[in-house]
Amino acid sequence: MFALAGSLLAIGNIQAQQTKAQRDSLMALNKNAISQIAPGEGAAKPGTSGFWGYAFGDYAYMAKGDSAGRGTKQQYKGLGEAATANGGTQQASHPNAMEVRRAYLGYDYIINKKFSAYALLAYEGDQDVSDNRTVYLKYIYVKWKGIFKGSDLKIGQQATNSFAADYNTEPLLGYRAVEKTILDMHGVDGSSDMGVDLNGRIWTNHMGDTTMVPTFLGYNVMLGNNSGNTPVPGFTGASTSLSGSTVSPSTTKLTLNPFNETTDNAKKVRGMLFVNCLNSALTVGLYTDYINYGPYFAGTAKAYDRRVTTDKIYAVYNSKWFGIGFEWFSQSMTNGELETFKKGTGTNDTTTAVQTGYSIFAHGTIIPSTLNVFARYDMYTPDNKYSYNANETFTEQFTNTSSVSPYKETFINAGLDWTPTKDKKVHLMPNVWYYGIKNGYGSGDLGSDNYLLYRITFLFAFN
């Protein structure tokens, strides 16, 4: 972090020499999901109604995989599992395939100067009953621009502000086509939710130099169902989902986007505060959220409240030639684990689960508008409160972490980004994808293992 601070001071004067038009152009390219490889939300051409979209995927070759299929939420874990055709004892030999991981088709409609509407259909690996690729409605919301001075209001299904909102890590980091941000990868929060969002600027420093982008303090607050893209059953009249889930009793484990009665009595409050400065190059932000699912029994006579709180800090610097950033998070799940004593006369009890992680990422320009380089390093702990004890077992009541175990998970990704078109709407990105798992007490007392993939990631976009 000291090195990052020194670098920012050293290049601050250089960055400040960019004109406002140049900075606005860079920000517009980020917004339309082209410049740094597709943040979560794209846009039509500025000031117009119209369609937009993009798709990305990979050719992936797995050089190494974890035979137990461990790891939380990462998309290649199934390729590393033991082959069932051989009795589950032999790992598949270097599986490889080409696949689309995301395809978006959106439409932006400007109703008038104050109101606009947005809709987005998405394919993100979902299948219908015949195993064909299928799309779902990811965004559908209306935006009230300038509901009061400096602030906009959005109502409907929309991107959450935990990582996907403007001036947060997904659009600032870019390279969503290469991999999800650390919160998204590990299911810390959903990328979209049904709710109400108010965002804008609290304070702006209007400088005398009109060629500079003013420093400002921004905010984003959201009240949501925490149901992700799942409809609330009581509103639709449905009591079951296509996957077979039902409106379940309160003793059922809680998932990140629960299909149960909690979606209509527990609301998630999300808040984000950030400062944008150095001619719009540096963004430093704080994020927090809170949800209380209410009392439950968890197999005990005493009822316990189920509460989840997330805290996150981040800082990202993006210039014309390079970008560097950092984010750290901690999510606490009060009464998130049930302790079952196997020896002695103890009784069942609950304890708090805490998952933490941090991510460091960077990208740089080798040939302007043609060739970039990028790299990223993550460290993640699914439960840093866990301590191994042979006299008791732990059962998680929240399933957005993989299992109660002393995992340490490391993610490393690096590659090149080549775009053959000046408008940056086509990208080919050869990259190395590594996911390491350090575990002392895993299934069958497995030790450390890892996944290693060589990929060629592709992206094409239109608007």
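Residues numbered from 1 in each chain as written. Predicted model: local features only at pLDDT ≥ 70, side-chain atom pairs only at ≥ 80, totals over all residues. Heavy atoms only, no water.

A tally of regular secondary structure across the chain gives 5 helices and 19 strands. Within the chain, the proportion of its 463 residues that are buried is 49%. Here the contacts in the chain between residues at least 6 apart in sequence split such that 64% fall between residues at least 24 apart. Accessible area for the chain stands at about 21200 Å²; split by element, carbon and sulfur atoms hold 60% of it. (Helix = DSSP H or I, 4+ residues; strand = E, 2+ residues; numbered from the N terminus. Buried < 20%, exposed > 50% of the residue type's maximum accessible area, 1.4 Å probe, protein only. Contact = heavy atoms within 4.5 Å. Areas by Shrake-Rupley, 256 points an atom, 1.4 Å probe, with all protein chains shown as cover.)

The subject of this paragraph is the nonpolar core. Counting residues in each nonpolar core, the largest one holds 24 residues, and the members touching the most others are Tyr 54, Tyr 104, Leu 183, Phe 329 and Met 429. Looking at this core, the elements that each hand over two or more residues are strand E1 (50–64), strand E5 (115–123), strand E6 (136–148), helix H4 (182–185), strand E15 (371–381) and strand E19 (449–462). (Core = buried A, V, L, I, M, F, W, Y, C linked by side-chain atoms within 4.5 Å.)

Before going further, it helps to examine the pairing of E19. Bridge count for E1 against E19 is 11 bridges, and the pairing is antiparallel. The partner of Lys 64 across the bridge, within E19, is Leu 452. Across 12 bridges, strand E18 (residues 426–438) lies against E19 in antiparallel orientation. Within the sheet, the bridge partner assigned to Leu 428 lies in E19 and is Phe 458. (Pairing = 2+ DSSP bridges.)

Glancing now at the pairing of strand E17 (residues 408–418). Bridge analysis of E15 against E17 gives 10 bridges, and the strand direction is antiparallel. Along E17, the bridge assignment pairs Leu 371 with Trp 418.

Here the focus is the packing of aromatic side chains. Throughout the structure, instances matching the rule amount to 20 aromatic pairs. Ring centres of Trp 52 and Tyr 104 lie 6.4 Å apart, and the angle between their planes is 75°; on these two criteria the pair is classed as edge-to-face. Linking Trp 52 in strand E1 with Tyr 104 in strand E4 (residues 96–110), this pair joins segments that are 52 residues apart in sequence. For the pair Trp 52 and Tyr 104, a shared accessibility class is recorded, and that class is buried. An aromatic cluster of at least three residues, connected via ring pairs, comprises Trp 52, Tyr 54, Phe 56 and Tyr 104. Positioned above the aromatic ring of Tyr 141 is the side chain of Lys 154, whose terminal nitrogen or guanidinium carbon lies 5.0 Å from the ring centre. Cation over ring: Arg 201 sits above Phe 216, and NZ or CZ is 3.7 Å from the ring centre. (Phe/Tyr/Trp six-rings, centres within 6.5 Å; stacked < 30°, edge-to-face > 60°. Lys NZ or Arg CZ within 6 Å of the ring centre and 35° of its normal.)

Note on placement: Val 354 falls in strand E14 (residues 349–367). Taking C-alpha positions, Val 354 is 5.5 Å from Gln 331, a pair spaced 23 residues apart along the chain.

Right, let's get into the side chain of Gln 331. Within the secondary structure layout, Gln 331 lies in strand E13 (residues 322–341). For Gln 331, the side chain forms a polar contact with the main-chain oxygen of Val 188, separated by 2.9 Å. A polar contact of 2.9 Å, which involves the side chain of Gln 331, links it to the side chain of Thr 310. (Polar contact = N/O pair within 3.5 Å; in protein donor to acceptor, adjacent residues only side chain to side chain.)

The subject of this paragraph is unusual backbone geometry. If you check the backbone angles, Tyr 175 has positive phi at about 55° while not being a glycine. With respect to the helices and strands, Tyr 175 occurs in the loop between helix H3 (169–173) and H4. Phi angles above zero are rare outside glycine, and Asn 279 is one such case at about 60°. Mapped onto the secondary structure, Asn 279 falls in the loop between strand E10 (268–277) and strand E11 (282–296).

A separate point is the confidence of the model for the chain. Averaged over the chain, the pLDDT score is 76; the fraction of residues at 70 or greater is 66%. In the model, residues 387–394 has pLDDT below 50 throughout and makes 21 contacts with residues more than four positions away in sequence or in other chains. When the criterion is pLDDT under 50, residues 441–445 qualifies, and its contacts beyond four places in sequence or with other chains add up to 2 contacts. (pLDDT = per-residue confidence, 0-100.)

This structure, assessed with the given rule, holds 13 salt bridges. In this structure, Arg 376 and Asp 378 form a salt bridge, with 2.7 Å as the shortest nitrogen-oxygen distance. Asp 378 matches Arg 376 in its accessibility class, with the two residues each being buried. (Salt bridge = Lys/Arg side-chain N within 4 Å of Asp/Glu carboxyl O.)

Moving on, we get to the side chain of Asp 193. Tracing the backbone through its elements, the reader meets Asp 193 in strand E8 (residues 192–205). From its side chain, Asp 193 meets the backbone nitrogen of Gly 228 in a polar contact 3.4 Å long. In terms of polar contacts, Asp 193 uses its side chain to reach the side chain of Arg 270, at 3.1 Å. If near-sequence neighbours (up to four positions away) are discounted, Asp 193 is found in contact with Gly 156, Gln 157, Gln 158, Thr 160, Met 222, Gly 224, Asn 225, Asn 226, Ser 227, Gly 228 and Arg 270.

Structurally, Ile 291 is set in strand E11. In this structure, the C-alpha to C-alpha distance between Ile 291 and Arg 306, residues 15 residues apart in sequence, is 8.4 Å. Discounting chain neighbours no more than four positions away, the residues touching Ile 291 are Asn 226, Ala 266, Lys 267, Lys 268, Arg 306, Arg 307 and Val 308.

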